[in-house]
Amino acid sequence: MPAFSKIALFSSLIAYVSAQQAGSVTAETHPGLTSSVCTRSGTTNTCTTKSTKVVIDGNWRWLRNNQANQYNNCYTGNSFDATLCPSNTACAQNCALEGSDYSGTYGITTSGNALTLKFVTRSSTTNVGSRVYLMDTDTSYNMFNFMDSNSQEFAFDVDVSNMPCGVNAALYTVEMKANGGLNTANNKAGAKFGTGYCDAQCPHDLKFIEGSGNVEGWTPSSTDSNAGFGKAGACCNEMDIWEANSISNAYTPHPCKNIVGVSRCEDPVTCGDGSNRYAGVCDKDGCDFNPYRQGNHDFYGPGKTVDTTKKITVITQFIKDSSSNLVEIRRAWVQNNQVILQSKNEWAGIGDYNSITDDYCVKQKSVFGDNSYFVSPGGGLVEMGKSLARGHVLALSIWADHAAHLLWLNSPYPVDKDPSLPGVARGTCSTTSGDPNELINSAPNSSVTYSNIKVGQLCSTFPSGVTIPDSLCGGYIPPSGKFLQAPIRIP
Ligand SMILES: *[C@@H]1O[C@H](CO)[C@@H](O)[C@H](O)[C@H]1NC(C)=O
């Protein structure tokens, strides 16, 4: 599950951008965050530094009257101004997104190749959470193509030691446009102002989608004083490389069916809202690999094999078969100069997988009793791979979960099920943890630091000097007799 926006509340600040126009009261200066592109020759890795930077999503920004010398809000708290935003089109024409004070307002700081996101930042306003995108220029997102042989491996370091139960540090990619949808309908702001978000939950909390407002049918959130939900949602393929805190972690492909890029959904079925969860265009559950949920309770956490009290290197590999279809997503770890292989599934009937393949997903869904949307026709890793090949934007966020208190990541869930049943226990957090309105007071200083982002050929992004098992540097190894059970077919 991806981020729900927590929007900063602005009163009467002075900033200036245009509606989904671009404002100019506050200069938009993107914090630098270098990243690397790596190659491997023999056993030697060479990485080249890129001057990438980050931009905060438009939904967090001050949205103001676009007229010169008019500073009234188009949006306050969790409601739109009825005069400036009488309709979706008028709102996009009348309102401007403003530049951001990254550290002061949003608690976003960078240094070299490191980015820190703070959970709650109090200034003249209170900001909760944030979501930024990696850019290669001041007007375009840095595109990643994990299906290209030169960029099948992605690495980053992360410090989640200050991330308690209920707070999610997410690093993931979504099929947004490189220019953020600039010049689509009334979008004059574009990637420079962090526009164009979409994900596989088809989020309804976005104020603009594809250059048009989402004001029609907007309903303020009952639990979040800074958010609301419009009639429209923004759907797109999503690859969750990392959703984690100090207690639990998961990686999860969320493919969508028959959509390319951002797709605006307008009805509850297409959007997959509520009871239509498995009828929509995107796979909201995805196929997750959470070591704890797969039965290994000693692998990840404070003092465990992967010790979350210290910085961790996380490596993800996208493996193709001879037809260039995505067939496996692997995870490896590096800590204390040692490569740590991902823990294996321990539940009977799934097999000793330590990576995501369609076969793992079929069996995991069956044994856990989860919905089989992921492995239904038109879904699965092949669909995820097609989307990745079109290019994805990297999102980095910190958030808390108003909908389900993050229990799906770090607690027994659903809460009414016996935690000893396969797939219910996902981490050691209490089922009463994770209420965002409590966390804002009890854990406001939670923060995550992401650093050392690298992309490159298989095995090229590992730190130099570590011994890498051969099995990680080659291509796809089809399943052999090692699995305990023949695939269970799910229609
Ligand atoms: C968060 O940090 C601020 C500033 O250092 C401090 O005053 C405050 O007590 C901290 N809050 C909590 C709940 O730890």
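In case you missed it, the structure is sitting above this.
Worth saying up front: this structure is predicted, and the values here are computed from it rather than measured.

### Things to note about the site of the ligand
Thought 1: In the vicinity of the ligand, the residues found are N441, P444 and N445.
Thought 2: One nitrogen or oxygen atom from the side chain of N445 is found 2.3 Å from an oxygen atom belonging to the ligand.

### Considering the sheet that holds strand β8 (residues 95-97)
Thought 1: Within the open sheet, the three strands sit side by side as β1-β8-β5. Their pairing is mixed. What marks the edges here is a single partner per strand, and that holds for β1 (21-22) and β5 (63-65).
Thought 2: The sheet contact formed by β5 and β8 spans three bridges and is antiparallel. Of the residues in β8, the one forming a bridge with R64 is A96.

### Observations concerning the packing of aromatic side chains
Thought 1: Counting across every chain of the model gives 21 aromatic pairs.
Thought 2: Ring centres of Y251 and F289 lie 6.2 Å apart, and the angle between their planes is 25 degrees; on these two criteria the pair is classed as stacked. Taken as a pair, Y251 in strand β24 (residues 249-254) and F289 in the loop between α3 (268-271) and β26 (300-301) lie far apart in primary sequence, 38 residues in all. The burial state of Y251 is the same as that of F289; both residues are buried.
Thought 3: Ring pairing ties together the aromatic residues F144, F146, F154, F156, W242, F299, Y300, F318, W333 and Y450, which thus form one cluster.

Definitions and cut-offs
Residues numbered from 1 in each chain as written. Predicted model: local features only at pLDDT ≥ 70, side-chain atom pairs only at ≥ 80, totals over all residues. Heavy atoms only, no water. Near = heavy atom within 4 Å. Polar contact = N/O pair within 3.5 Å; in protein donor to acceptor, adjacent residues only side chain to side chain. Pairing = 2+ DSSP bridges. Helix = DSSP H or I, 4+ residues; strand = E, 2+ residues; numbered from the N terminus. Phe/Tyr/Trp six-rings, centres within 6.5 Å; stacked < 30°, edge-to-face > 60°. Buried < 20%, exposed > 50% of the residue type's maximum accessible area, 1.4 Å probe, protein only.

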